[in-house]
Amino acid sequence: MEIDLTPRLSKKSYGGDGGAYYAWCSEELPMLRAASIGASKLALEERGLSLPSYSDSAKVAYVLQGIGTFGIVLPEATKEKVIAIKKGDAIALPFGVVTWWFNPNDTELVVLFLGDTSKGHKAGQFTNFPITGTNGIFTGFSTEFVSRAWDLTEDEAMNLVSSQTNSGIVKVKDGQAMPEPSPKDREGIVLNCEEAPLDVDIKNGGCVVVLNTKNLPLVGQVGLGADLVRINGHAMCSPGFSCDSAYQVTYIVRGSGRVQVVGIDGKCVLKTHVKAGYLFIVPRFFVVSKIADADGMEWFSIISTPNPVFTHLAGKTSVWKAMSSEVLQAAFDTTPELEKLFRSKRTSDEIFFPPN
């Protein structure tokens, strides 16, 4: 079975003065369709507004750059939540939420979206439904339906629906007020992965923050887990696999390094160099390992289960450490001396291995 795991960059889907929306295409990255995962990125310029919309997919959003504001209306809620966001923020977006995103600053705001498209219209691709703009859902209804729905005259309804002449992303006029965020609204919606307690911290090796139902309960509704991983220059991430039948979708946030993935029958299905902006997917049960270049490497991943479990094949938590010496000798067909040497290594290192 031939599997194309080649990492890819996103491509621009639409945009204008206010910014642009980028997506990864399942035709170029076929594992998106196989895993039913969507991936996209929103980049907003100063005073750029991504118009209110909802999606056919549950997602996790991650702020890659900048400071901004986003609004979210949860199903059956009577009031929106307006939340300040910044670099490192992870946001769980369940089905049915309506969101908008705004950048009030002169530094570009960039937000990554990764999510489950298994219930979407197209496997491996988000379908967004804008509420306003030239392609907003109300442009498809007759004036009679719109006027009846909102209790307006037909002239008022036509004027309201047609007044926004742009689609998707717009630039808000100078002087036009936007809602102020509330610190209370942030609770339970957002977790900053750069400020959260570390789940793993290896000196000179790397660190991990895991996003799960304990620190952000809303991910349970999304059905996805996530993590932010940083490894130091020339450090290695232990070979490992998801042991609960989950796919792992990885976006390189910063730095660069080498990636290898081994799959069925011990075949290496990916051996490549990645850098910031690239996205790739590790299939279920395939083993992945990474080694950073001199400047280190940072990546954000989603895992297609809200509380992922991994098995590592090297380090003190390695599955090999749990096996008896007799089984190791027989499995490798080696001498007791070599088996003893093998077992004596990596007795203190866990998950990340500092450079020699």
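Remember, it's a predicted structure, so these values are computed and weren't measured experimentally.

Participant: How should I be thinking about the sheet that holds strand β1 (residues 11-16) in this particular structure?
Facilitator: Sheet strands associate in pairs through backbone hydrogen bonding, adopting either a parallel or an antiparallel arrangement. Spatially, the seven strands line up as an open sheet ordered β1-β2-β3-β10-β5-β8-β13, and their pairing is antiparallel. Edge positions in the sheet fall to β1 and β13 (190-192), since each has one partner strand and no second. Ignoring strand direction, the axes of neighbouring strands in this sheet form an average angle of 20°. For β1 and strand β2 (residues 19-23), the ladder comprises five bridges, and the chain directions are antiparallel.

Participant: Looking at this model, I keep getting lost on the nonpolar core. Mind explaining?
Facilitator: Nonpolar side chains tend to gather and get buried jointly when the protein is soluble and globular. Of all hydrophobic cores here, the largest spans 80 residues; its most connected members are Phe70, Ile91, Trp101 and Phe300. Setting aside anything within four residues of it in sequence, one finds Ile91 in contact with Lys59, Val60, Ala61, Val63, Phe70, Ile85, Trp101, Ile189 and Val190. Core analysis: the second largest hydrophobic core is formed by seven residues, Leu49, Val82, Phe102 and Val172 among them.

Participant: Just to check I follow, could you spell out the packing of helix α7 (residues 325-332) against helix α8 (residues 336-344) for this structure?
Facilitator: For any two helices packed against each other, one specifies the inter-axial angle together with the distance between the axes. Here α7 crosses α8 at 115°, and the two axes come no closer than 10 Å. Relative to α8, α7 is oriented roughly perpendicular. Where α7 crosses over α8, the two elements pack in a sense that is right-handed. Together, Ser325, Leu328, Gln329 and Phe332 of α7 and Pro336, Glu339, Phe342 and Arg343 of α8 make up the contact between the two elements.

Participant: Is there a simple way to think about the packing of aromatic side chains in this case?
Facilitator: Any two aromatic rings considered together are summarised by their centre-to-centre distance and by the angle between their planes. Across all of its chains, the model carries nine aromatic pairs by this definition. Judged by centre distance (4.4 Å) and plane angle (50°), the ring pair of Phe138 and Trp150 falls under tilted. Of the two residues, Phe138 is situated in the loop between β11 (128-130) and α2 (143-150) and Trp150 in helix α2; the sequence distance between them amounts to 12 residues. Put simply, the rings of Phe138, Phe141, Phe145 and Trp150 touch in pairs and so form one group of aromatic residues. The ring of Phe113 has Lys59 lying over it, and the distance from NZ or CZ to the ring centre is 5.3 Å. Positioned above the aromatic ring of Phe126 is the side chain of Lys59, whose terminal nitrogen or guanidinium carbon lies 4.5 Å from the ring centre.

Participant: Teacher, can you tell me more about the environment of Glu80 here?
Facilitator: By secondary structure assignment, the location of Glu80 is in the loop between β6 (67-73) and β7 (81-86). Residue classification places Glu80 among the partly exposed residues on the basis of a relative accessible area of 26%. Taking the C-alpha atoms as reference points, Glu80 and Thr99, separated by 19 residues in sequence, lie 9.0 Å from one another. Glu80 has contacts with Ile72, Val73, Trp100, Pro179 and Asp185, leaving out every residue within four places of it along the chain.

Participant: What am I meant to see in unusual backbone geometry here?
Facilitator: It is generally the case that most residues other than glycine have a negative phi and that most peptide bonds are trans. Residue Glu76 is not a glycine yet carries a positive backbone phi of 70°. The topology assignment puts Glu76 in the loop between β6 and β7. Exposure remark for Glu76: the relative accessible area of 82% places this residue in the exposed category. Despite not being glycine, Asp265 shows a phi value in the positive range, around 60°. The topology assignment puts Asp265 in the loop between β18 (248-262) and β19 (268-275). Among the residues examined, Asp265 registers a relative accessible area of 80% and is labelled exposed.

Participant: Which parts of the structure should I look at to understand the UniProt feature "domain: Cupin type-1" (unreviewed entry) in the protein?
Facilitator: Mapped onto this numbering, the UniProt entry annotates "domain: Cupin type-1" (unreviewed entry) at residues 3-158 and 196-340. For the annotated span residues 3-158, helix accounts for 12% and strand for 45% of the residues, and the straight-line distance between the end C-alpha atoms is 51 Å.

Participant: Explain the environment of Ile37 to me, please; I cannot follow it from the model alone.
Facilitator: Relative to the assigned elements, Ile37 resides in strand β3 (residues 37-44). Judged by relative accessible area, Ile37 falls into the buried class, the value being 2%. Note: C-alpha distance between Ile37 and Gln248 (211 residues apart in sequence) is 9.7 Å. Setting aside residues no more than four positions away along its own chain, Ile37 makes contact with Leu32, Gly115, Asp116, Thr117, Gly124, Gln125, Val249 and Ile302.

Participant: When you look at the pairing of strand β15 (residues 206-211) in this model, what are you seeing that I'm missing?
Facilitator: Taken residue by residue, a regular strand's side chains alternate between the two faces of the sheet. For β15, a buried count of five out of six residues is recorded, marking the element as mostly surrounded by other parts of the structure. Where strand β14 (residues 200-202) and β15 come together, three bridges link them in antiparallel fashion. If you follow Ile202 over to β15, its bridge partner there is Gly206. Taken together, the six bridges between β15 and strand β16 (residues 225-231) define a ladder with antiparallel strand orientation. Across the sheet, the residue bridging to Gly206 is Ile231, located in β16.

Participant: Where do I start with the pairing of strand β21 (residues 287-303) in this structure?
Facilitator: The element β21 is extensively covered by neighbouring structure, given that 13 of its 17 residues are classed as buried. Here seven bridges tie β16 to β21, and the two strands are oriented antiparallel to one another. Its bridge partner lying in β21, Leu228 is registered against Phe300. Strand direction decides the pairing type here: β18 and β21, joined by 13 bridges, are antiparallel.

Thresholds applied
Going along each chain's sequence as written, the residues are numbered from 1 onward. Totals for whole chains, interfaces and linings use every residue, but because this is a predicted model, local features are given only for residues with pLDDT of at least 70 and side-chain atom pairs only at 80 or more, for both listing and counting. Excluded from the side-chain calculations are hydrogens and water; all other atoms, namely the structure's heavy atoms, are used. The pairing criterion is simple: DSSP has to find at least two bridges between the two strands. Secondary structure is summarised from DSSP: a helix means a run of H or I of at least four residues, a strand means a run of E of at least two, and numbering begins at the N terminus for each. Angular values range over 0 to 180 degrees, each being the angle between N-to-C directions of two axes fitted as lines to C-alpha atoms, with helices fitted over their stretch in contact. Nonpolar cores were defined as sets of buried Ala, Val, Leu, Ile, Met, Phe, Trp, Tyr and Cys residues, with membership established by side-chain atoms within 4.5 Å. For every residue, the accessible area (1.4 Å probe, protein chains only) is compared with the maximum for its type, and the residue is labelled buried under 20%, exposed over 50%, or partly exposed between those bounds. For this analysis, residues touch if any pair of their heavy atoms sits within 4.5 Å. Comment on the angle field: the value is read as roughly parallel under 35 degrees, roughly antiparallel over 145, roughly perpendicular from 65 to 115, and oblique elsewhere. Crossing handedness: left-handed means the near helix sits turned counterclockwise from the far one by under a right angle, and right-handed means the same turn made clockwise. Here a pair means two rings of Phe, Tyr or Trp (six-membered ring of Trp) with centres within 6.5 Å. Their orientation is stacked below 30 degrees between planes, edge-to-face above 60, and tilted elsewhere. Charges are assigned to positions over rings by a cutoff of 6 Å between ring centre and Lys NZ or Arg CZ, combined with an angular limit of 35 degrees from the ring normal. UniProt positions are given in the numbering used here, feature names are shortened, and annotations may be inferred rather than shown by experiment.

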